Amino acid sequence: MRGPNKTSAKHPACFCLLFLSLISLAAAQPTLKVSAEDHDDYSRVVLTFPSSFPYALEKDGPLLLVRVSATSSFRLKAEPVKSRFIKSFSWAKSNDLYIVIIETRNERFRPESFEIAKKRQLVIDFYELAEPPPNEAAPAETPRPPADEEKREEPPPAPGGAAPLVEGSAAAARGIRTIVIDPGHGGLEVGARGKFGTLEKDVTLAIALKLKALVEKNLAFNVVLTRDRDLDVSLENRAAMANNHRAELFISIHANSSLRRNANGSETFFLSLNATDEEARRLAYLENNSAELEKPLAPENEGDIQMILWDLAQAAYLKQSQRLAEIIQDELNVLLNTKDRGIKQAPFKVLTGVACPAVLVESAFISNPEEERSLVREAFQENVAQAIYRGLVRYIKLLP
Amino acid sequence: MKKRKITPSQWTLLGLSLITILVLAAVLFRGAGGEKIKAGAAPPPSEAPAEPAAARPTKTINLLFPSEEDSLLHPEPREILAGPSIGEEAKQAVQELIRGSGKGYISPLPPETKLRQLFVTKEGVAYVDLSREVMDKHPSGSSAELATVYSIVNTLAVNFKPIKKVFILVEGSEKETLGGHLNLSEPFVPLPSLNAR
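Attention in this report is confined to the structure presented alongside it. The structure presented is a predicted model; accordingly, all values stated were derived computationally and were not measured.

## Thoughts on the nonpolar core
Consideration 1: Ranked by internal contacts, the top residues of the largest apolar core, which has 94 residues, are A:Ile251, A:Leu392, B:Leu130, B:Tyr150, B:Ile152 and B:Leu156.
Consideration 2: When residues in this core are grouped by element, the largest group, nine residues, is from helix α13 (residues 378-398) of chain A.
Consideration 3: Apart from residues lying up to four places away in sequence, B:Ile152 is in contact with B:Val94, B:Leu97, B:Leu109, B:Val128, B:Leu130, B:Val166 and B:Ile168.

The structure is reproduced here in structure tokens:
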């Protein structure tokens with residue numbers, strides 16, 4: 001007898017089985033092993049891959065980055081580092097890209113790499129270079145000729161390395177500061193839709209372009225838009241753009257929509273963590289020690305916690321993000337004549353991986369017909385841009 | 001060769017035992033069959049939660065609905081069948097949220113949405129697997145997504161102590177967002193600040 005009840009009773013069992021098998025799969029996840037050992041005139045780092053993945057090396061100051069394009073996920077297992085030259089290992093992940101970060105004690109080194117295909121090993125030998133003369137070590141006193149500077153910033157491509165993927169790093173090294181402005185949605189992903197047909201993606205782009213113009217005209221900041229036209233950009237790529245450009249601030253611009261007919265007003269969000277108390281305590285520790293982001297964590301903390309650093313890069317900037325949100329909300333209240341909905345925390349996907357102060361501005365409600373009419377008006381868009389701009393100016397004054 | 005003859009008394013015995021077997025079989029068969037029919041016809045718990053004659057006891061939970069008045073979630077008591085597990089009770093809670101409010105609160109999920117599956121792990125993570133309508137018919141927007149997600153997350157957390165986190169799946173798999181805002185690719189912790197006092 002095959003009653004409907006019988007089949008539905010079967011489902012939980014199947015589901016549980018599937019779940020259990022997924023868990024066991026996760027437990028047997030492939031592992032990338034990293035270890036370091038000292039030799040007479042060099043220090044050797046060995047990466048043992050779970051299978052062969054394409055990789056690229058990039059030298060960045062005292063760091064050597066190994067970028068691994070992996071189609072399947074894996075864990076990183078780093079042995080405790082006891083080396084005179086290698087300081088620590090850490091890693092970061094974004095989409096299919098894994099970055100193993102090898103931190104050295106001195107930026108003056110030459111990496112030489114080779115592969116042992118049979119063992120799926122990548123071996124990198126670090127040769128220390130002679131110390132520079134003292135006047136070169138103190139660049140503030142004697143400006144170097146530009147050619148030399150150029151050379152120092154763009155190290156020759158590491159052996160076996162592809163073109164560096166971090167496009168913004170050179171600009172960052174030259175001391176140019178970057179703000180990333182993120183017009184919400186785009187392309188097929190239209191966002192919310194107003195009663196009169198206004199699309200969130202169009203409003204956000206219009207405001208973002210106005211804000212970009214204001215910043216570029218008045219501030220010594222480089223502005224990067226995550227999109228400058230009607231384009232699909234994934235949420236992870238938006239965050240990655242901020243990180244690749246070493247952005248100092250990230251502003252995501254949106255127009256709100258509610259299930260409530262009358263919802264109205266403006267609000268500014270910063271990230272809330274989906275962490276239980278225990279995890280929150282751990283993340284709070286990171287936040288209070290956000291210098292940890294600059295220098296990778298001590299090797300004894302390898303593994304899980306470093307995954308959090310990249311997956312939840314924003315965790316270390318919550319206090320700054322909250323301050324930025326407060327200031328921008330302040331200015332929106334002054335300029336927009338909309339209801340003050342205050343600052344709020346929510347787990348927004350686009351903010352999760354951003355490694356700098358980051359906020360999401362909900363300018364007004366596209367689901368409210370009156371505010372929809374405002375949102376399409378040039379003058380209102382200009383005011384939103386102006387308010388965010390004033391907030392940025394106030395916040396930047398607080399920066400070191 | 002002597003042919004064995006069956007006496008009339010033996011005939012009677014044989015006949016009696018045959019009849020007994022038949023009657024017994026009939027009774028057993030009908031009994032078993034009757035039970036099966038009964039099991040098959042038992043109403044799914046969510047369809048008749050108010051039926052007082054149900055064998056299982058009922059319990060009252062508080063569903064959390066968004067309202068027109070403010071951006072908070074408001075409690076509405078609802079009777080569900082008690083047990084046999086937290087997962088079964090949580091299932092009814094989500095189905096009742098989809099069914100909507102009886103007090104004029106806003107429906108947090110598109111009414112076409114189906115709960116495909118729900119289970120709670122030992123670690124207290126509730127996996128709520130919804131049908132595609134929850135995305136396809138969703139209006140998008142930060143506030144709308146907050147209302148949908150946290151009516152589920154907070155309802156489960158408020159009523160079922162062991163549930164600490166809620167992972168929302170769509171059509172059996174992990175999604176990035178409902179409409180471009182809130183992060184569905186990790187489990188949500190409840191936000192009690194969204195609940196009306």
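Next comes the rest of the description.
## Focus on the sheet that holds strand β2 (residues 43-48) of chain A
Residue and element names in this part refer to chain A.
Consideration 1: Strand order across the open sheet formed by five strands is β5-β1-β2-β9-β8, with mixed pairing between neighbours. In the strand order of this sheet, the two ends are held by β5 (75-78) and β8 (109-116), each with one partner. Going across the sheet, the axis of each strand differs from the next one's by a mean of 20 degrees, ignoring polarity.
Consideration 2: Alignment of β2 against strand β9 (residues 121-128), held across six bridges, turns out to be antiparallel. Residue pairing for β9: valine 46 is matched across the bridge by valine 123.

## Describing the interface of chain A and chain B
Consideration 1: Between chain A and chain B, the residue contacts involve 38 residues of the former and 39 residues of the latter.
Consideration 2: On the surface where chain A and chain B come into contact, there are one salt bridge.
Consideration 3: A:Arg261 is the partner of B:Glu68 in a salt bridge, and the nearest nitrogen-oxygen pair spans 3.9 Å.
Consideration 4: Between chain A and chain B we count 17 residue pairs in polar contact (both at pLDDT 80 or more) in total.
Consideration 5: Of all the elements in the fold, those that place two or more residues in the side of chain A that touches chain B are α1 (4-27), α6 (235-244), β12 (249-256), β13 (266-271), β14 (340-346), α11 (349-352) and β15 (358-365) of chain A.
Consideration 6: Among the elements that take part in the side of chain A that touches chain B, α1(A) stands out by supplying five residues, more than any other.
Consideration 7: Considered class by class, the residues forming the side of chain A that touches chain B number 15 nonpolar, 13 polar and 10 charged.

## Thoughts on the pattern of salt bridges
Residue and element names in this part refer to chain A.
Consideration 1: Overall, the coordinates contain 24 salt bridges over all chains when judged by the stated rule.
Consideration 2: Here glutamate 112 ties to arginine 110 by a salt bridge, and the two come within 2.3 Å at their closest N and O atoms.
Consideration 3: A relative accessible area of 35% means that glutamate 112 is categorised as partly exposed.
Consideration 4: Take arginine 110: its relative accessible area is 38%, and that puts it in the partly exposed class.
Consideration 5: Between glutamate 248 and arginine 177 there is a salt bridge, with the nearest N and O atoms lying 2.8 Å from each other.

Conventions we followed
All residue numbers refer to position in the chain's written sequence, counted from 1. For naming, the first written chain is A and the first written ligand is 1, with later ones following in the order written. Per-residue local features of the predicted model are confined to residues with pLDDT of at least 70, and side-chain atom pairs are confined, for both listing and counting, to 80 or more; whole-chain, interface and lining totals are unaffected and use all residues. Only hydrogens and water are set aside; all other atoms, that is, all heavy atoms of the structure, feed into the side-chain values. Nonpolar core, defined: a set of buried Ala, Val, Leu, Ile, Met, Phe, Trp, Tyr and Cys residues in which side-chain atoms within 4.5 Å join the residues together. For the exposure calls, accessible area comes from a 1.4 Å probe over protein chains only, and a residue counts as buried if that area is under 20% of its type's maximum, exposed if over 50%, partly exposed in between. Only DSSP runs of H or I covering at least 4 residues are called helices, and only runs of E covering at least 2 are called strands; the numbering of each starts at the N terminus. Residue contacts are defined here by distance: any two heavy atoms, one from each residue, within 4.5 Å place the two residues in contact. Paired strands, in this sense, are two strands between which DSSP finds at least two bridges. A fitted line through C-alpha atoms represents every axis, and for helices the fit uses only the stretch in contact; the resulting angles, taken between N-to-C directions, go from 0 to 180 degrees. Whenever Lys or Arg places a side-chain nitrogen within 4 Å of a carboxyl oxygen from Asp or Glu, that contact is recorded as a salt bridge. Polar contact is defined as a pair of N or O atoms within 3.5 Å, subject to the rule that within protein one atom must be able to donate a hydrogen and the other to accept it, and that residues adjacent in sequence are counted only when both atoms are side-chain atoms. Only Asp, Glu, Lys and Arg are considered charged in this grouping, and only Ala, Val, Leu, Ile, Met, Phe, Trp, Tyr, Cys and Pro are considered nonpolar; every other residue, Gly among them, is considered polar.

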